[in-house]
Amino acid sequence: MKHIIIGGNGFVGRHLAHDLSALGEEVIVADIERSDLAVYDKVRHIAIDVRDRATLDRIPLDSDDLVYNLSAKMLSPIQVRAKRYDFFWPVNFHGVENILDWMASHDARKYVQYTTDMVYGHNTDLYTTEDAPRNPLGEYGKSKLATELLCEEWRTRGMNVSIFRPRLIIGPGRLGILVKLFKLIDRNLPVPMIGSGANPYQFISVYDCSSACIAAWRHGVPNGTYNLGSEDPPPVKKLLGDLIKEAGSRSVLVPTPAPLVKATLALMDRANVPLMDPEQYLIADETCIRSIEAAKRDLDWTPRDRDQDMLNKAYREYRMLSERDGRSPSSASHAA
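The structure contained in this document is the topic of the report that follows.

Conventions used here
Residues numbered from 1 in each chain as written. Predicted model: local features only at pLDDT ≥ 70, side-chain atom pairs only at ≥ 80, totals over all residues. Heavy atoms only, no water. Helix = DSSP H or I, 4+ residues; strand = E, 2+ residues; numbered from the N terminus. Rg over C-alpha atoms; globule rule 2.2 N^0.38 Å. Buried < 20%, exposed > 50% of the residue type's maximum accessible area, 1.4 Å probe, protein only. Contact = heavy atoms within 4.5 Å. Lys, Arg positive; Asp, Glu negative; His and termini not counted. Charge placed at Lys NZ, Arg CZ, Asp CG, Glu CD. Phe/Tyr/Trp six-rings, centres within 6.5 Å; stacked < 30°, edge-to-face > 60°. Lys NZ or Arg CZ within 6 Å of the ring centre and 35° of its normal. Polar contact = N/O pair within 3.5 Å; in protein donor to acceptor, adjacent residues only side chain to side chain. Core = buried A, V, L, I, M, F, W, Y, C linked by side-chain atoms within 4.5 Å.

Some points on the overall build of the protein chain
Piece 1. Per the secondary structure count, the protein chain includes ten helices and 13 strands.
Piece 2. Relative to a compact globule of 336 residues, whose C-alpha radius of gyration would be 20 Å, the protein chain shows 20 Å and is just as compact.
Piece 3. Principal-axis analysis of the C-alpha atoms gives the protein chain an extent of 60 × 40 × 40 Å.
Piece 4. Counting all 336 residues of the protein chain, 55% fall into the buried class.
Piece 5. Within the protein chain, contacts between residues separated by at least 24 positions form 78% of all contacts whose residues are at least 6 apart in sequence.
Piece 6. A distance of 5 Å separates the average location of the 42 positive side-chain charges in the protein chain from that of its 45 negative side-chain charges.

Encoded structure:
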């Protein structure tokens, strides 16, 4: 069998391609473009665009192959409200329609789909299990919920679909909204928190996302939906405070009244100058822990990376890139 990674040139996809090829598996990366990644010495690249159904026919697909879809439009860069639907839906939903139709035409029935934990919307329980209500707060989450419903429909047609709902994915090559935080710390500026910072914040590493895909393959691609996140996430205040110490920065954490901050961000959003997407700030002060017991039980999967380690490594990557580009903005000392 072959492992076909749609969107394999992207963040999680490149790590999955590397890990599968290291296991001696045959891997095809299908993406809109090819980069200079070292993994292409071992895997084949085919140029496709999930928005164009005809391009998928370029991929040689056999009935026993496994397809992983990691193509997606994410919340970074932030989009103004009027552009969000057209930004997210063509790839996140209609692209999945095309992939599933293409697979069905080859009688291929093994599929892994990444969505997002943002399908839940506001948090209703301390630990969110996969059967919690799905009420997304914006177009990104709505496009991913529509994708889940589509995958559930294809399950009734005999396709095996494993769905993963990750928390915020971080790791080498992806800084996203964290850059704004890191710049404040580098410049020794106050770091505002939405609320008191007493609520926990949960990440998931790109390496653990890759290992979850491999676990799904090894367990026969079960028809299940699984949260992905770290274990025992610390409170935001401790997470950021320890990062400031790691950076050798003089920044201080500033708690803020969450309702006022959210109202201000919502006003900026309506004025088409968004600083954050509503799906990010509306739950920023909520206790948000996704239960990963289902993935542990069904897939024998356990995350290996801790939240603090992930954030500190991301900061060190930011520093390295800033210094390489000659844009180091601070005189603060930095830990090795």
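Observations regarding the packing of aromatic side chains
The way to describe two aromatic rings as a pair is by their centre distance and the angle between their planes.
Piece 1. Under the defined criterion, the tally for this structure stands at ten aromatic pairs.
Piece 2. When the ring of F164 is compared with that of Y226, the centres are 6.0 Å apart and the planes differ by 40°; the resulting orientation is tilted. With a gap of 62 residues between them, F164 in strand 7 (residues 160–166) and Y226 in strand 11 (residues 225–228) connect regions that are remote in the sequence.
Piece 3. Seen from their ring centres, F182 and Y315 are 5.4 Å apart, and the 80° between their planes marks the pair as edge-to-face. On the criterion of sequence distance, the pair formed by F182 in helix 4 (residues 178–186) and Y315 in helix 10 (residues 307–324) is long-range, its members being 133 residues apart.
Piece 4. Residue F182 is classed as buried on the basis of its relative accessible area, which comes to 0%.
Piece 5. Of the residues examined, Y315 reaches a relative accessible area of 2% and is grouped as buried.
Piece 6. For R157, the ring lying beneath its charged end belongs to W154, and the centroid distance is 4.1 Å.
Piece 7. Its guanidinium or amino end placed over the ring of Y201, R167 lies 4.8 Å from that ring's centre, counting from NZ or CZ.

Some details on the side chain of Q113
Piece 1. One can find Q113 in strand 5 (residues 110–114).
Piece 2. Among the polar contacts made by the side chain of Q113, one reaches the side chain of N69 at a distance of 3.0 Å.
Piece 3. A distance of 2.4 Å separates a polar atom in the side chain of Q113 from a polar atom in the side chain of Y111.
Piece 4. Each residue touching Q113, except ones within four places of it in the same chain, is listed here: N69, V96, T147, C151, S162, I163 and F164.

Here's the deal with the nonpolar core
Piece 1. Counting 36 residues, the largest nonpolar core has Y68, F164 and W301 as its most contacted members.
Piece 2. Secondary structure elements with two or more residues in this core: helix 1 (11–22), strand 2 (26–31), strand 4 (66–69), strand 5, helix 5 (206–218), strand 11 and helix 9 (293–299).
Piece 3. At eight residues, helix 5 tops the list of elements feeding residues into this core.
Piece 4. Look past the residues within four positions of Y68 in its chain and what remains in contact with it is H3, I4, I5, I6, L16, L20, V112, C213 and W217.
Piece 5. W102, M118, A146 and V161 belong to the second largest nonpolar core, which has 33 residues in total.

In short, shape yes, function no, at least from these values alone.
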